[in-house]
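Structural characterization, general
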Amino acid sequence: MDDLITHATSGDERRRAPAVAVLPVGSFEQHGEHLPLITDTLIACLVARRIADDHGLFLLPPITMSCSHEHAQMAGTVSVSASTLYAMVGVGIADEDHSAPDRPHLLTLGMAGYTANGIIGQPSLATAAKGQALLDSFSESARAHLALISAV
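A brief structural summary. Remember, predicted model here, so these are calculated numbers, not experimental data.

1. So, the pattern of salt bridges
For the structure shown, the criterion picks out six salt bridges. For Glu13, the salt bridge identified is with Arg16, shortest N-O distance 3.1 Å. Of this pair, Glu13 and Arg16 both sit in helix H1 (residues 10-16), three residues apart, which is roughly one turn of the helix. Glu13 gets classed as buried once you look at its relative accessible area, which sits at 15%. Given a relative accessible area of 40%, Arg16 falls into the partly exposed group.

Structural data, given as structure tokens:
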């Protein structure tokens, strides 16, 4: 993970003078036996690094714990409350609800209500090419958002 976080000095950033910062927010939770507990943080760091590099933004260090109550029954999971995460991130996320129609009782049953091994989905279908395509897409999508921020 060392290559996914910034090693910039304050002098480096002063010279670059980026106007926007990127904050990777991950989690520390189970992902079955085949992936590390820090998987979501690694992904968030990879995406944030790519967007920061592609668009000349300031890369912040990751927040490595989030609201992971649905994973609470699984070994290794560390979770903070939604209000704590909100305070750590410090942005207006109150209206950003997400539905999970395939897992309607996820917050009451947790992951254990749907899977014994902590895996939902088909990780065996993942490929490096698919990951690269997603990363390319995230970076391109960030371009439109950055244009809006710059216009304000």
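2. A short note on the side chain of Thr77
Note on placement: Thr77 falls in the loop between strand E2 (58-59) and helix H3 (82-89). For Thr77, a relative accessible area of 18% translates into the label buried. A distance of 3.3 Å separates a polar side-chain atom of Thr77 from the backbone nitrogen of Gln30. In this structure the side chain of Thr77 is engaged in a polar contact, spanning 3.4 Å, whose partner is the backbone oxygen of Met74.

3. Some remarks on the packing of helix H2 (residues 39-55) against helix H5 (residues 128-151)
At a closest axis distance of 9 Å, the pairing of H2 and H5 adopts a crossing angle of 55°. When the axis of H2 is compared with that of H5, the two are oblique. Judged by the sense of rotation from one axis to the other, the crossing of H2 with H5 is right-handed. Between H2 and H5, the contacting residues are Leu46, Val47, Arg50, Ile51, Asp54 and His55 on the first element and Gln132, Leu135, Asp136, Phe138, Ser139, Ala142, Arg143 and Leu146 on the second. A class-by-class count of the residues in the contact of H2 with H5 yields seven nonpolar, three polar and four charged.

4. Considerations on unusual backbone geometry
In this structure, Ala17 is a non-glycine residue whose phi angle is positive, near 50°. With respect to the element layout, Ala17 can be found in the loop between H1 and strand E1 (21-22).

Cut-offs used in this document
- Residues numbered from 1 in each chain as written.
- Predicted model: local features only at pLDDT ≥ 70, side-chain atom pairs only at ≥ 80, totals over all residues.
- Heavy atoms only, no water.
- Salt bridge = Lys/Arg side-chain N within 4 Å of Asp/Glu carboxyl O.
- Helix = DSSP H or I, 4+ residues; strand = E, 2+ residues; numbered from the N terminus.
- Buried < 20%, exposed > 50% of the residue type's maximum accessible area, 1.4 Å probe, protein only.
- Polar contact = N/O pair within 3.5 Å; in protein donor to acceptor, adjacent residues only side chain to side chain.
- Axes fitted to C-alpha atoms, helices over the stretch in contact; angles between N-to-C directions.
- Parallel < 35°, antiparallel > 145°, perpendicular 65-115°, else oblique.
- Left-handed = near helix turned anticlockwise from the far one by under 90°.
- Contact = heavy atoms within 4.5 Å.
- Nonpolar A, V, L, I, M, F, W, Y, C, P; charged D, E, K, R; others polar.

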